[in-house]
Amino acid sequence: MTEQHVRPQVAVLDTGGQYCHLIARRIREQGVYAEVASADTPVDKLAGLKGVVISGGPASVYEAGSPTVDPNLFSAGVPALGICYGMHLMAHLGGGAVRRGDRGEFGLALLDIDEPGPLFAGLEPRQQIWMSHRDAVEAVPPGFHAMAHTDTCAVAAMGDPARRLYGLQFHPEVVHTRRGAQILSNFLFEVCRCSRDWNPARQIPTIEDAIRRSVGDRGVLFFLSGGIDSAVAYTLCIRALGPDRVHGVYVDTGLMREGETEFVSTLFSSLAAGSFDVEHAAEEFLTALAGVRDPERKRNIIGEKFVEVQERILERGHYLDGHWILGQGTIYPDTIESGGTAHADLIKTHHNRVAGIQRLIEANRIVEPLTSFYKDEVRELGRTLGLPETLLERHPFPGPALAIRCLCVDAAEPVQPAEDGWVLPVRSVGVQGDSRSYRPVLALERVPTPEEDLHDLATRLINRTANINRVVAVVRCRAPLSELRTCPSDLSAERLERLRRADAVVRKLAHDSGFDRSIWQFPVVLIPVGAAGRPDSIVLRPVDSVDGMTANSVLMPRPLLDAMAGAILDIDGIAGVFYDLTHKPPATIEWE
Ligand code: XMP
């Protein structure tokens with residue numbers, strides 16, 4: 001690990017919500033260094049901080065075993081802001097009352113500020129906010145008074161200015177709370193008297209010193225993915241240690257997007273002046289995946305192959321002999337147990353299974369220069385280091401690559417009529433609550449207009465139509481939907497190439513139109529549904545998200561959608577182009 005030297009001014013206590021990292025990021029965006037800490041951190045460990053934020057979370061304060069904070073926190077003289085569940089804790093522990101409401105409040109709401117105080121300074125009396133709660137504060141604790149309300153929530157904000165304690169029922173950290181940034185800024189600078197101490201780009205010399213200290217006179221090996229994090233970590237190590245002591249390996253699995261291996265080779269060769277290799281393993285991967293159709297089996301085989309290839313590289317390059325350590329691009333959210341990224345677990349198991357790498361980690365032979373940073377901050381570091389925008393603006397891309405976007409089925413089956421469209425006989429993965437579903441897809445005959453609420457429509461249809469977890473709309477198809485059918489299909493080189501071409505078309509048009517900058521990720525999926533000698537179709541899945549845990553389907557401008565569909569239908573073997581309307585949940589981002 002690489003330690004940093006900035007001391008946090010603010011701790012965000014994590015009560016298990018998905019928003020704790022978002023809160024810390026928003027605070028850092030104001031130039032104040034914040035870290036996430038577990039909710040039950042004893043108050044003496046928080047002494048010296050300028051302020052504490054208690055995050056929202058899914059639990060109810062009156063349930064046994066729900067997360068709690070050190071009750072002495074509220075008499076320690078440290079200013080505190082409780083958000084949602086954090087506010088409930090403040091009320092509950094301070095002698096107020098929290099009750100489950102009859103109806104929850106989810107989504108946009110209007111806040112009426114009754115008493116501005118320092119927290120709402122500079123805000124109009126009526127504000128658009130974003131709510132997500134069922135419990136609410138019924139009685140404020142002694143010392144507090146209510147500061148704002150909504151139509152359905154009598155205590156939407158409360159405060160005890162003397163102790164500098166504040167609670168908000170709504171979420172200032174999400175963009176839908178229009179003046180959320182101002183409220184956080186008021187808390188940081190008016191209430192806590194924080195100073196601006198955080199600018200990630202200015203940390204570069206400190207990071208480089210830390211790398212030199214932890215690496216000593218050894219070398220650093222990176223397995224590069226083509227993603228931003230490993231590229232920035234690798235570049236920092238080269239700057240700190242010189243190119244001769246840093247080596248990067250990129251494994252070409254044959255499952256990558258068009259031009260990826262060339263892009264990565266050009267990029268890293270120019271950065272590293274020769275200390276970079278590509279391991280060509282496409283044939284091995286494709287042979288191992290031949291005939292495999294089950295999505296989980298595909299993932300396992302790819303994981304196992306990766307392990308084999310990495311072990312081989314470690315042995316062959318004598319990286320285990322004590323002179324080398326492993327470099328990784330692990331970023332801050334990946335280091336925190338709860339509230340981590342959607343795929344932190346996967347990445348962990350994946351690495352754990354490489355015995356050689358596990359040995360390096362156990363022997364503390366690992367350097368991770370980015371463990372204090374969020375993704376946007378890593379991007380800023382990369383920009384300051386002079387890495388190209390083509391790398392920095394890349395969307396996240398899954399490790400198993402196109403393999404999870406190329407669906408395979410065993411049987412030839414026709415589509416089935418349903419009340420609202422046609423059920424396609426391919427199954428995709430979804431999430432409902434904590435469990436995964438694996439169900440067929442409903443296809444509509446037309447794309448909704450911007451006036452129609454996509455989320456509503458897809459959710460309504462999924463609730464109404466038994467046994468589906470995803471809704472798509474046909475954009476263009478060479479045959480009527482009623483004539484479509486699946487045909488038995490594998491992860492063949494031919495189908496991967498078909499997907500690769502469609503993905504390249506979409507990437508180019510999304511980039512040239514600037515649409516890709518307005519979304520988080522744009523998977524392009526090949527499904528074995530076709531007609532008339534064209535066995536496959538393509539699904540477009542542009543989504544907006546903060547961290548991949550939840551995501552919204554994004555409506556594309558119609559001309560762009562038509563341009564994409566036209567170009568994709570020119571690809572051999574493609575019968576139709578569909579548009580995925582489903583949010584996550586109930587669907588996932590990837591189809592698998
Ligand atoms: P889902 O499909 O679960 O995806 O909604 C959430 C996010 O995780 C990405 N993803 C992965 N990333 N290795 C990764 O590095 C993986 O195995 C993996 N699987 C899914 C997905 O692209 C989305 O951003």
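Note that the structure is a prediction, hence the values are computed from the model and not measured.

### Some remarks on the overall build of the protein chain
- Across its full length, the protein chain holds 17 helices and 25 strands.
- Computed over the C-alpha atoms, the radius of gyration of the protein chain is 26 Å, within 12% of the 25 Å expected from 2.2 N^0.38 for a compact globule of 592 residues.
- Along the longest, intermediate and shortest principal axes, the C-alpha atoms of the protein chain span 75 × 65 × 45 Å.
- When burial is assessed residue by residue, the protein chain has 56% of its 592 residues classed as buried.
- Total accessible area on the protein chain is roughly 24300 Å²; 50% of this is exposed by carbon and sulfur atoms.
- Of the side-chain charges in the protein chain, 61 are positive and 77 negative, and the distance between the mean point of each set is 1 Å.

### Concerning the packing of aromatic side chains
- Tallying each qualifying case throughout the model produces nine aromatic pairs.
- Ring geometry for Tyr-332 versus Tyr-374: centroids 5.3 Å apart, planes at 80 degrees, classification edge-to-face. You can see Tyr-332 sitting in helix 10 (residues 332-335) and its partner Tyr-374 sitting in the loop between strand 14 (366-367) and helix 13 (375-384), a full 42 residues away along the chain.
- Taking relative accessible area as the criterion, Tyr-374 reaches 1% and is therefore assigned buried.
- Sitting over the ring of Phe-189, Arg-196 keeps its end group 4.2 Å from the ring centre.

### Details of the site of the ligand
- In the vicinity of the ligand there are 13 residues, among which Arg-299, Gln-521, Lys-584, Ile-589 and Glu-590 approach most closely.
- The contact in question runs from an oxygen atom of the ligand to an N or O atom on the side chain of Gln-521, over 2.8 Å.
- Interatomic distance of 2.7 Å between a side-chain N/O atom of Lys-584 and an oxygen atom of the ligand.
- Within the complex, the protein chains bury 86% of what would otherwise be the 490 Å² of accessible surface of the ligand.

### Digging into the packing of helix 5 (residues 204-215) against helix 6 (residues 228-241)
- Contact pair helix 5 / helix 6: the axes reach a minimum separation of 9 Å and the direction vectors enclose 75 degrees. What the angle tells us is that helix 5 and helix 6 run roughly perpendicular. Across from Ile-204, Ile-207, Glu-208, Ile-211, Arg-212 and Val-215 in helix 5, the residues of helix 6 making contact are Leu-236, Cys-237, Arg-239, Ala-240 and Leu-241.
- Of the residues that constitute the contact of helix 5 with helix 6, the class distribution is eight nonpolar, no polar and three charged.

### Structural notes on the pattern of salt bridges
- With the rule as written, the count across this model stands at 34 salt bridges.
- Ionic pairing is found between Arg-517 and Asp-516, a salt bridge with its closest N-O pair at 3.9 Å.
- Judged by relative accessible area, Arg-517 falls into the exposed class, the value being 59%.
- Overall, Asp-516 belongs to the buried group, its relative accessible area being 17%.
- Two residues, Asp-580 and Arg-541, come together in a salt bridge whose shortest N-O distance is 3.3 Å. Of this pair, Asp-580 sits in strand 25 (residues 574-580) while Arg-541 is found in the loop between strand 22 (536-540) and strand 23 (543-545), placing the two residues 39 residues apart along the sequence. The pair formed by Asp-580 and Arg-541 is uniform in burial state, with each residue classed as buried.
- Bridged by salt links that share partners, the residues Glu-279, Glu-284, Lys-305, Glu-308, Arg-312 and Arg-316 form one connected network.

### Considerations on the layout of surface pockets
- The space that makes up the second largest pocket amounts to roughly 340 Å³.
- The wall of the second largest pocket is formed by 16 residues, among which Gly-101, Arg-103, Ala-136, Thr-152 and Cys-153 lie closest to the centre.
- If you list the elements that add at least two residues to the lining of the second largest pocket, you get strand 5 (97-113) and strand 6 (126-139).
- Here the lining of the second largest pocket takes seven residues from strand 5, the largest share from any one element.
- Partitioning the lining of the second largest pocket into residue classes produces five nonpolar, four polar and seven charged.

### Comments concerning the nonpolar core
- Formed by 102 residues in total, the largest nonpolar core has its most connected members in Phe-522 and Leu-540.
- Among the elements that take part in this core, helix 6 stands out by supplying 10 residues, more than any other.
- When residues of this core are assigned to domains, at least three fall in each of domain 2 (200-397) and domain 3 (406-580).
- Discounting chain neighbours no more than four positions away, the residues touching Phe-522 are Arg-257, His-395, Val-506, Ala-510, Phe-515, Leu-540, Arg-541, Pro-542, Met-556 and Met-564.
- Counting 39 residues, the second largest nonpolar core, distinct from the first, contains Ala-34, Cys-84, Leu-119 and Tyr-332.

### Re the confidence of the model for the protein chain
- Counting all residues, the mean pLDDT for the protein chain is 91, and 95% of those residues have values of 70 or more.
- Confidence drops under pLDDT 50 across residues 337-352; counting only partners more than four residues distant or on other chains, this segment forms 22 contacts.

### With respect to the packing of helix 6 against helix 13
- Contact geometry of helix 6 with helix 13 gives a least axis separation of 10 Å together with a crossing angle of 45 degrees. On the basis of their axis angle, the class for helix 6 and helix 13 is oblique. Where helix 6 crosses over helix 13, the two elements pack in a sense that is left-handed. Between helix 6 and helix 13, the contacting residues are Ile-228, Asp-229 and Val-232 on the first element and Lys-375, Val-378, Arg-379, Leu-381 and Gly-382 on the second.
- Across the contact of helix 6 with helix 13, the residue classes tally to four nonpolar, one polar and three charged.

Reading the values: rules and limits
- Residues numbered from 1 in each chain as written.
- Predicted model: local features only at pLDDT ≥ 70, side-chain atom pairs only at ≥ 80, totals over all residues.
- Heavy atoms only, no water.
- Helix = DSSP H or I, 4+ residues; strand = E, 2+ residues; numbered from the N terminus.
- Rg over C-alpha atoms; globule rule 2.2 N^0.38 Å.
- Buried < 20%, exposed > 50% of the residue type's maximum accessible area, 1.4 Å probe, protein only.
- Areas by Shrake-Rupley, 256 points an atom, 1.4 Å probe, with all protein chains shown as cover.
- Lys, Arg positive; Asp, Glu negative; His and termini not counted.
- Charge placed at Lys NZ, Arg CZ, Asp CG, Glu CD.
- Phe/Tyr/Trp six-rings, centres within 6.5 Å; stacked < 30°, edge-to-face > 60°.
- Lys NZ or Arg CZ within 6 Å of the ring centre and 35° of its normal.
- Near = heavy atom within 4 Å.
- Polar contact = N/O pair within 3.5 Å; in protein donor to acceptor, adjacent residues only side chain to side chain.
- Axes fitted to C-alpha atoms, helices over the stretch in contact; angles between N-to-C directions.
- Parallel < 35°, antiparallel > 145°, perpendicular 65-115°, else oblique.
- Contact = heavy atoms within 4.5 Å.
- Nonpolar A, V, L, I, M, F, W, Y, C, P; charged D, E, K, R; others polar.
- Salt bridge = Lys/Arg side-chain N within 4 Å of Asp/Glu carboxyl O.
- 1 Å grid on protein atoms, 1.4 Å probe; cavity = no way out; pocket = protein on both sides within 12 Å on 5 of 7 lines; lining within 4 Å.
- Points joined across faces, edges and corners; volume = space filled by probe spheres on them.
- Core = buried A, V, L, I, M, F, W, Y, C linked by side-chain atoms within 4.5 Å.
- Domains from an automatic or database assignment.
- pLDDT = per-residue confidence, 0-100.
- Left-handed = near helix turned anticlockwise from the far one by under 90°.

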